[in-house]
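Descriptive analysis of the structure
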Amino acid sequence: MKTLILYVSKKGCTELCAKELAINFRKNVTVMNLKQQKNIDLNPFDTIIMGTPIYIGKINSDLKQFCYQNERKLLNKNIAFFACGVTESDKVCQNLNSQLPDKIANHSLLNSFFGGELRYEKMNSMIKLIVKQFQKQNGNKSPKINHLEIERFCREVRKKIDVK
Ligand SMILES: Cc1cc2nc3c(=O)[nH]c(=O)nc-3n(C[C@H](O)[C@H](O)[C@H](O)COP(=O)(O)O)c2cc1C
């Protein structure tokens, strides 16, 4: 059983989560940054896990396009998704489902939310100001990656794959 973890990350948080997830899988796992690959051969993999950050309520457009372009292949694999963000888990998971192609969303074994980080040092001053204001209004504390959820997600996906 070979697993591919395919992710997109603007500021590095989703990348960190993808790598942490791979460590949890331990073996037969490959991690790829979608933006650094030209042609991705899905044939060697039984399971494809896709990770995206959420920006302004949207999943990454390259990942979405990848799902549309590879819909038929993905429907023949085990697939699952995770998202990184700083809002509530339910909202983010709803976002995932509503923005993926219907058949792909229905075929997904599991969607999860791994939390996220706000890396102010990587934002320009305008964005930093807006994000800080937003955080203040919403009374949000510093967002964090949910490491326990990464472990749980890995366990659940493995369980579902083994059952098949
Ligand atoms: C301009 C901006 C908009 C964002 N919009 C959302 C959002 O709509 N929902 C959300 O949950 N998180 C939002 N976030 C938080 C990011 O999803 C979070 O920082 C995530 O960890 C980024 O992942 P990355 O480092 O892999 O790009 C936003 C962050 C920024 C800077």
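Description of the structure in this document. Just so we're clear, the structure is a prediction, and the values are computed from it rather than from any experiment. (Residues numbered from 1 in each chain as written. Predicted model: local features only at pLDDT ≥ 70, side-chain atom pairs only at ≥ 80, totals over all residues.)

Pairing between the strands of a sheet comes from backbone hydrogen bonds, and it takes one of two forms, parallel or antiparallel. Spatial ordering of the open sheet is given by 2-1-3-4-5, a layout of 5 strands whose pairing is parallel. The sheet is open, and its two borders are formed by strand 2 (29-33) and strand 5 (111-113), each paired with just one other strand. Going from strand to strand, the sheet's axes swing by 20° on average, the running direction of each strand aside. The sheet contact formed by strand 1 (residues 3-7) and strand 2 spans 5 bridges and is parallel. Counterpart to Leu4 in the pairing with strand 2 is Thr30. Strands strand 4 (78-84) and strand 5 of the sheet are contacted by helix 4 (residues 89-99), whose axis makes an angle of about 140° with strand 5. (Pairing = 2+ DSSP bridges. Helix = DSSP H or I, 4+ residues; strand = E, 2+ residues; numbered from the N terminus. Axes fitted to C-alpha atoms, helices over the stretch in contact; angles between N-to-C directions. Contact = placed C-beta atoms within 7 Å.)

With respect to the helices, strands and loops of the structure, Phe81 is situated in strand 4. For the pair Phe81 and Asn111, spaced 30 residues apart in sequence, the C-alpha to C-alpha distance is 4.7 Å. Those residues in contact with Phe81 that sit more than four places away from it in its chain are Met50, Leu96, Ser108 and Asn111.

The environment of the ligand is made up of 22 residues, and the closest members are Cys13, Thr14, Pro53, Gly85 and Gly116. Within the residue set of the shell around the ligand, elements represented by two or more residues are helix 1 (13-25) and helix 6 (125-137). Grouping the constituent residues of the shell around the ligand by class yields 12 nonpolar, 7 polar and 3 charged. (Near = placed C-beta within 6 Å. Nonpolar A, V, L, I, M, F, W, Y, C, P; charged D, E, K, R; others polar.)

Moving on, we come to the nonpolar core. One broad trend across soluble globular proteins is that nonpolar side chains are buried collectively. Of all hydrophobic cores here, the largest spans 33 residues; its most connected members are Ile5, Cys17, Leu21, Ile48, Ile49, Phe82 and Ala83. Among the elements that make up this core, the one with the highest residue count is strand 4 (6 residues). Not counting residues within four places of it along the chain, the set of residues in contact with Ala83 comprises Thr52, Ile54, Ile59, Val92, Leu96 and Phe113. (Core = buried A, V, L, I, M, F, W, Y, C linked by C-beta atoms within 7 Å. Buried ≥ 20, exposed ≤ 12 C-beta atoms within 10 Å, placed from the backbone.)

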